[in-house]
Amino acid sequence: MLKKILEIKKEEIAALMLPEQVDVPHYSLYEALQTPKRSIGLIAEVKKASPSKGVIKEQFDPIKIAKGYEVGGADAISVLTDVQFFQGHRDFLTAIKKTVALPVMRKDFIIDKKQVDETVRMGADAMLLIVGTVPILQIKELYDYAYSLGLECLVEVHAKDELEELLKTFSPKIIGVNNRNLKTFETSLSQTEEMSELIPGGSLFVSESGIHLKQDLDRVGKVGAAGVLVGESLMRADSPEVGISTLFGGETIATSS
């Protein structure tokens, strides 16, 4: 699946027309995760569909969902912009950025500097980089280029060998451990637990996928995760606010931002 997605991405990049620059306020993902509103930082994801689950939410209104996340106390919002495999769009991200006062991260398969330029113009505060999509030196190049343009990066790994390869090259400010095995699509929080000891102290650590309940938050928080990225369980909830409240077991917001 990943190979197929990357082939399509190369075709999309060849035909990519950059949007006009959007003028919006900017917020730091790193700072939001450093000072979360609850016991652990929440990046809430706006996602209509995925290759493994199909359509997750039929009645999909990205702006309404994002507003609900903000009201519910999310620390940041992740927006899927891949069209073919996740039924996302870059216009969703721009519309959300114009609506909420939170850091907004672009989640896509970024493999080329032209996509970084596109991400900046869309108004994003941060973007995802996935180790394994391109050679590690190219990940570093994309990372450095993004930061030179004022765009933060969450660098995602799926296995210990990927993390070790990454850290031999550089230590990102924000590292995400995806609990989903991209080959089997099975999800296990033991992935976060096993890899947590390798995360350098200077990097913020985000656990991604397979997080549904307060005990999941406690489990990953116990091994040092500063934040979680949650999509499916929030998208399937009766409302974004209910989804966040359920996830945190009713934990109230201790500080205002």
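Refer to the structure presented above.
Now for a look at the structure at hand. (Residues numbered from 1 in each chain as written. Predicted model: local features only at pLDDT ≥ 70, side-chain atom pairs only at ≥ 80, totals over all residues. Heavy atoms only, no water.)

**Here we look at the nonpolar core**
The nonpolar side chains of soluble globular proteins are, as a tendency, buried together. One finds L42, Y69 and L129 to be the most contacted residues of the largest nonpolar core, which totals 79 residues. Ignoring sequence-local partners within four residues, the contact set of L42 consists of A74, D75, A76, V228, V230, L234, I244, L247 and F248. (Core = buried A, V, L, I, M, F, W, Y, C linked by side-chain atoms within 4.5 Å. Buried < 20%, exposed > 50% of the residue type's maximum accessible area, 1.4 Å probe, protein only. Contact = heavy atoms within 4.5 Å.)

**Considering the sheet that holds strand β10 (residues 227-230)**
With parallel pairing, 8 strands are arranged side by side around a closed barrel as β1-β4-β5-β6-β7-β8-β9-β10. Strand-to-strand twist in this sheet, taken as the mean axis angle between neighbours without regard to direction, amounts to 25 degrees. Lying over the sheet, helix α7 (residues 160-169) contacts β7 (152-157) and β8 (174-178), oriented at roughly 140 degrees with respect to β7. (Pairing = 2+ DSSP bridges. Helix = DSSP H or I, 4+ residues; strand = E, 2+ residues; numbered from the N terminus. Axes fitted to C-alpha atoms, helices over the stretch in contact; angles between N-to-C directions.)

**A look at the side chain of T81**
Within the secondary structure, T81 sits in the loop between β4 (76-80) and α4 (90-97). T81 sits in the buried class, given a relative accessible area of 5%. With near-sequence residues (within four places) excluded, T81 lies in contact with G88, H89, R90, L93, R106, K107, D108 and M122.

**Examining helix α6 (residues 136-148)**
In this model α6 runs 18 Å from its N-terminal to its C-terminal C-alpha over 13 residues, within 8% of the 18 Å that 1.5 Å per residue would give. For α6, the secondary structure elements touched by its buried residues are α5 (113-122), β6 (126-130), β7 and α7. Positive phi shows up at G150, right after α6, with a value of about 85 degrees. (Expected span 1.5 Å × (residues − 1).)

**So, helix α3 (residues 62-72)**
Those residues of α3 lying buried are P62, I65, A66, G68, Y69 and G72. Along the axis of α3, the buried positions cluster into a sector of 160 degrees, meaning they face one direction only. Looking at α3, the residues exposed on the side facing more than 90 degrees away from the buried face are K64 and V71. Close packing links the buried residues of α3 with β1 (41-46), β4, α4, α10 (232-235) and α11 (240-247). Trailing α3 by a residue or two, G73 shows a phi angle of about 95 degrees, which is positive. (Arc of directions from axis to C-beta.)

**Let's talk about the packing of aromatic side chains**
In this structure the tally under the stated criterion is 4 aromatic pairs. A centroid spacing of 4.6 Å and a plane angle of 40 degrees characterise the contact between Y143 and Y147, whose relative ring orientation is tilted. Here Y143 and its partner Y147 are both found in helix α6, 4 residues apart, which amounts to about one turn of the helix. Residue classification places Y147 among the partly exposed residues on the basis of a relative accessible area of 25%. Cluster of aromatic residues (ring-pair linked, three or more members): Y143, Y147 and F170. Across from the ring centre of F170, 5.7 Å away, lies the NZ or CZ of K140, which sits over that ring. One residue, K173, lies across the ring of Y30, its end atom 4.5 Å from the ring centre. (Phe/Tyr/Trp six-rings, centres within 6.5 Å; stacked < 30°, edge-to-face > 60°. Lys NZ or Arg CZ within 6 Å of the ring centre and 35° of its normal.)

By themselves these figures say nothing about function.
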